Amino acid sequence: MGVSQVVDQCKRFYATCLNPEKVFQLLETQLDAEPVWYYVESHSTEVLTSPYIFSLSKQAMLKLMEKARFGVCEVEVFKVLCKWGELQTESEGILSDVLHDVLPLIHFDLMTAEELGDVVEPTRLVGSDVLCNVYKRLALSSGKCLFLSASFRWFGDSSCAVSLLKNDLGTGLCFL
């Protein structure tokens, strides 16, 4: 058995001693060893659905968002982050200010056009420049117009040339 295999077994063993509450306690105390991240990555759903995540400090949440590779849809991470931010506003003020440092850590480019249009845009927490860039990438990668839901709202940004087409399927969004 090689050294890397022993290290992997140690991580797995240590991770069996963890649960979301212990992980969050370790994050708060700055003790975030590799097994903590192994646990977070292998138990993403459990970590993100734990009620303990909402008691994390901003510093611990930043560390979690910077280091963790969650194995769930990025829109779910966004929803959890928004709920965490709403709870933080009770003591820290405005939601956009609370989430200012954390939102850039969300991988919006991993979301679908529907997730962006139906979940992210209505919050008005993400700038039109970020959304425009993601929509451009989605349109370019698909090689066709994106068809968005009826709830799609365009914030308007002169740096993003857009052609909106009405048809039976909804609104088609083509980047020029």
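Because the structure is predicted, anything quoted here is derived from the model rather than measured.

### Brief notes about the overall build of the chain
For step 1, the next point in the chain: On a plain count of helices and strands, the chain comes out with nine helices and three strands.
For step 2, the next point in the chain: Along the chain, helices (α) and strands (β) appear in the sequence α-α-α-α-α-α-α-α-α-β-β-β when read from the amino end.
For step 3, the next point in the chain: In the chain, the share of contacts with a sequence separation of at least 24, taken over all contacts with a separation of at least 6, comes to 56%.
For step 4, the next point in the chain: Here the chain displays about 9900 Å² of accessible surface, and carbon together with sulfur accounts for 55% of that area.

### Things to note about the environment of Leu105
For step 1, the next point in the chain: The residue Leu105 is located in the loop between helix H7 (95–99) and helix H8 (113–120) in this model.
For step 2, the next point in the chain: Spatially, the C-alpha atoms of Leu105 and Met65 are 6.2 Å apart, while their sequence positions differ by 40 residues.
For step 3, the next point in the chain: Ignoring sequence-local partners within four residues, the contact set of Leu105 consists of Leu62, Met65, Glu66 and Glu74.

### Regarding the pattern of salt bridges
Close approach of charged atoms allows side chains with opposite charge to pair.
For step 1, the next point in the chain: In this structure the tally under the stated criterion is four salt bridges.
For step 2, the next point in the chain: Between Asp101 and Lys58 there is a salt bridge whose closest N-O contact spans 3.9 Å. Of this pair, Asp101 sits in the loop between H7 and H8 while Lys58 sits in helix H5 (residues 58–67), placing them 43 residues apart in sequence.
For step 3, the next point in the chain: With a closest N to O distance of 3.8 Å, Asp109 and Arg137 form a salt bridge. Note that Asp109 is positioned in the loop between H7 and H8 and Arg137 in helix H9 (residues 128–142), a separation of 28 residues in sequence.

### Let's talk about the environment of Glu76
For step 1, the next point in the chain: With respect to the helices and strands, Glu76 occurs in helix H6 (residues 74–92).
For step 2, the next point in the chain: Assessed through its relative accessible area of 37%, Glu76 is described here as partly exposed.
For step 3, the next point in the chain: When the C-alpha atoms of Glu76 and Thr45 are compared, they prove to be 9.4 Å apart, with 31 residues separating the residues in sequence.

### Observations regarding the nonpolar core
For step 1, the next point in the chain: Residues Leu64 and Phe108 are the most contacted members of the largest nonpolar core, which totals 44 residues.
For step 2, the next point in the chain: Every element with two or more residues in this core is listed here: helix H2 (20–28), helix H3 (34–42), helix H4 (44–49), H5, H6, H7, H8 and H9.
For step 3, the next point in the chain: Looking at this core, the element that brings in the most residues is H6, giving seven residues.
For step 4, the next point in the chain: Non-local contacts of Phe108, meaning those with residues more than four positions away in its chain, are made with Phe78, Leu103, Leu116, Val120, Val126, Val130 and Val134.

### Quick word on the packing of H2 against H3
For step 1, the next point in the chain: Across the interface, H2 lies against H3 with an axial gap of 11 Å and an inter-helix angle of 135 degrees. By the angle class used here, H2 and H3 are oblique. In terms of crossing hand, the pair formed by H2 and H3 is left-handed. For the pair H2 and H3, contact is made by Pro20, Val23, Leu26 and Leu27 and by Val36, Trp37, Tyr39 and Val40, respectively.
For step 2, the next point in the chain: In terms of residue class, the contact of H2 with H3 is made up of eight nonpolar, no polar and no charged.

### So, the confidence of the model for the chain
Any region with low pLDDT has predicted coordinates that should not be read closely.
For step 1, the next point in the chain: Per-residue pLDDT for the chain has a mean of 77; in total, 74% of the residues score no lower than 70.
For step 2, the next point in the chain: For the chain, the element scoring lowest by mean pLDDT is strand S2 (residues 162–167), at 42; H8 scores highest, at 91.
For step 3, the next point in the chain: Predicted confidence is poor over residues 149–171, with pLDDT under 50, and the contacts of this stretch with residues over four places away or in other chains come to 51 contacts.

What counts, and where the lines are drawn
- Residues numbered from 1 in each chain as written.
- Predicted model: local features only at pLDDT ≥ 70, side-chain atom pairs only at ≥ 80, totals over all residues.
- Heavy atoms only, no water.
- Helix = DSSP H or I, 4+ residues; strand = E, 2+ residues; numbered from the N terminus.
- Contact = heavy atoms within 4.5 Å.
- Areas by Shrake-Rupley, 256 points an atom, 1.4 Å probe, with all protein chains shown as cover.
- Salt bridge = Lys/Arg side-chain N within 4 Å of Asp/Glu carboxyl O.
- Buried < 20%, exposed > 50% of the residue type's maximum accessible area, 1.4 Å probe, protein only.
- Core = buried A, V, L, I, M, F, W, Y, C linked by side-chain atoms within 4.5 Å.
- Axes fitted to C-alpha atoms, helices over the stretch in contact; angles between N-to-C directions.
- Parallel < 35°, antiparallel > 145°, perpendicular 65-115°, else oblique.
- Left-handed = near helix turned anticlockwise from the far one by under 90°.
- Nonpolar A, V, L, I, M, F, W, Y, C, P; charged D, E, K, R; others polar.
- pLDDT = per-residue confidence, 0-100.

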